[in-house]
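What follows is the residue order along each chain.
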Amino acid sequence: KKSRAQLRKENAAARAPSPSPAEVTERWLAMAFHGDLVGLECHLRSNFDVNQQDVHGKHALLCAAGGGHLATVQMLVRHGADVNRPEAQGKTAVYAAALNNQQQCLEELARNGADVNKADAAGRTPVCVAACRGHCQIIRSLHQLGADVNTPCLDGASPLFISAENAHLDVMHLLAKLGADINAADRNGYTPLAAATMLGYAEPIYELRFLGADAGI
């Protein structure tokens, strides 16, 4: 026989409102971000859409990749997750992995057909965002996977330009070694050397000159 406490608990649960579709989606995305394989698989057994997106376009694969959960990425891909699906601002799972320095997730996505050159709405490619964050190993991996190290953002800033204005010397050196155009100008006509000069960055200026930047451009 059930106790009064048990009966009260069951009655309260029965009266509790069901979560809204938006709340269910948010829980799903939180599970992906935290690598909760058990929770995700439980949802999928209930025919939950593996590509379900919230109002901002975020989806589980993007969250798992950004959180660095390789096993979760693999599981979602096995269940049909779209490796190139963007969120509302055009960011894909590869972009999220590059942004958060998650090399294993990035390489797993690429092995499953993800586009390593796919840019967001501002034209920022995974190489651009890795250059901005100073993630050298991500840039190496992207280059090995076929990413273009010269593709600029919509404002014309190349990955090397971005690394110069953020004073990432190791990234500048790496990009130059991988074939990046050291003199590529943005839409305003500023080269990486000009940008570093305007910002007063002594070390990037020295590095760019050492790499052969043209001071006359």
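A brief report on the enclosed structure follows. Values in this document were obtained by computation on a predicted structure and should not be read as measured data. Every chain's residues receive numbers from 1 upward, in the order its sequence appears when written. Only residues with pLDDT of at least 70 get local features here, since the model is predicted, and only at 80 or more are side-chain atom pairs given and counted; chain-wide, interface and lining totals rely on the full set of residues. Computation of side-chain values: all heavy atoms of the structure, hydrogens and water removed.

## Some words on the packing of aromatic side chains
Quick reminder of the rule: Pairing of aromatic side chains requires ring centres within 6.5 Å, counting the rings of Phe and Tyr and the six-membered ring of Trp. Pairs whose planes differ by under 30 degrees are stacked, by over 60 edge-to-face, and all others tilted. Here a helix means four or more residues in a row that DSSP labels H or I, a strand means two or more in a row labelled E, and each is numbered from the N terminus.
Counting across every chain of the model gives one aromatic pair. Relative to Phe48, the ring of Trp28 lies with its centre 4.7 Å away and its plane at 45°, an arrangement referred to as tilted. Placement of the pair is Trp28 in helix α2 (residues 21–33) and Phe48 in the loop between α3 (37–45) and α4 (60–67), with a sequence separation of 20 residues.

## Quick look at helix α5 (residues 70–78)
For clarity, the threshold we go by: Per-residue accessibility, obtained with a 1.4 Å probe over protein chains only, is compared with the maximum for each type, and a residue is labelled buried under 20%, exposed over 50%, and partly exposed between these values. Throughout, a residue-residue contact means that at least one pair of heavy atoms, one from each residue, lies within 4.5 Å.
Along α5, the positions that sit buried rather than exposed are Thr72, Val73, Met75, Leu76 and Val77. Taken together, the buried residues of α5 touch α2, α3, α4 and α7 (103–111). Residue Gly80 follows α5 closely and has a positive phi angle near 100°.

## So, the nonpolar core
Rule in force here: Only buried residues count toward a nonpolar core, which is a set of Ala, Val, Leu, Ile, Met, Phe, Trp, Tyr and Cys residues joined through side-chain atoms within 4.5 Å.
Judged by nonpolar contacts, the single largest core of 53 residues is most densely connected at Trp28, Leu61, Leu76, Leu109, Leu175 and Leu208. Look past the residues within four positions of Leu109 in its chain and what remains in contact with it is Leu61, Ala65, Val73, Val83, Ala93, Val94 and Ala114. Core analysis: the next-biggest nonpolar cluster, separate from the first, contains six residues, Cys128, Cys153, Phe161 and Ile162 among them.

## Points about the layout of surface pockets
For the record, the criterion: Think of a 1 Å grid over the protein atoms and nothing else: a 1.4 Å probe that fits but is trapped marks a cavity, an open set flanked by protein within 12 Å on at least five of seven lines marks a pocket, and residues with an atom within 4 Å of a point count as lining. Grid points are joined across faces, edges and corners, and a volume is the space filled by probe spheres set on the points. Residues are grouped as follows: nonpolar covers Ala, Val, Leu, Ile, Met, Phe, Trp, Tyr, Cys and Pro; charged covers Asp, Glu, Lys and Arg; every other residue, Gly included, is treated as polar.
Taken as a whole, the largest pocket encloses approximately 160 Å³ of empty space. The wall of the largest pocket is formed by 13 residues, among which Arg124, Cys128, Cys132, Cys153 and Ile162 lie closest to the centre. Those elements giving two or more residues to the lining of the largest pocket turn out to be α6 (93–99), α8 (126–133) and α10 (159–165). No other element matches the four residues that α8 contributes to the lining of the largest pocket. In terms of residue class, the lining of the largest pocket is made up of nine nonpolar, no polar and four charged.

## Some remarks on the pattern of salt bridges
Quick note on the threshold: Only one rule defines a salt bridge in this text: a Lys or Arg side-chain nitrogen within 4 Å of an Asp or Glu carboxyl oxygen.
Going through the model one piece at a time under the given rule, you end up with four salt bridges. When the shortest N-O distance is used, the salt bridge between Arg85 and Asp82 registers 3.9 Å. Residue class for Arg85 comes out partly exposed when judged on its relative accessible area of 24%. Several salt bridges share partner residues, and in doing so they unite Lys91, Asp120 and Arg124 into one network.

## Some details on the side chain of Thr92
For Thr92, the position within the fold is in the loop between α5 and α6. The class of Thr92 is buried, set by a relative accessible area of 1%. In contact with Thr92, not counting residues within four places along its chain, are Leu62, Asn84, Arg85, Pro86 and Lys118.

## Notes on the packing of helix α9 (residues 136–144) against helix α11 (residues 169–177)
Under the convention used in this document: To define axes, lines are fitted to C-alpha atoms, for helices over the stretch in contact only, and angles between the resulting N-to-C directions are given on a 0 to 180 degree scale. Oblique is the label for any angle not under 35 degrees, not over 145, and not in the 65 to 115 range, which are roughly parallel, roughly antiparallel and roughly perpendicular in turn. The sense of a crossing depends on the near helix, which, turned anticlockwise from the far helix by less than a right angle, makes the crossing left-handed and, turned clockwise, makes it right-handed.
For the pair α9 and α11, the least separation of the axes is 10 Å and the interaxial angle reads 15°. By the angle class used here, α9 and α11 are roughly parallel. Crossing geometry of α9 relative to α11 is assigned as right-handed. Residues Cys136, Ile139 and Arg140 of α9 form the contact with α11, whose participating residues are Asp170, Val171, Leu174 and Leu175. Within the contact of α9 with α11, the residues separate by chemical class into five nonpolar, no polar and two charged.

## Observations regarding the side chain of Asn51
How we decide: We define a polar contact as two N or O atoms separated by no more than 3.5 Å, with the added condition that, inside protein, one atom must be a possible hydrogen donor and the other a possible acceptor, whereas residues neighbouring each other in sequence contribute only through side-chain atom pairs.
Here Asn51 shows up in the loop between α3 and α4. A distance of 2.8 Å separates a polar side-chain atom of Asn51 from the backbone nitrogen of Asp82.

Geometry only, nothing functional implied.
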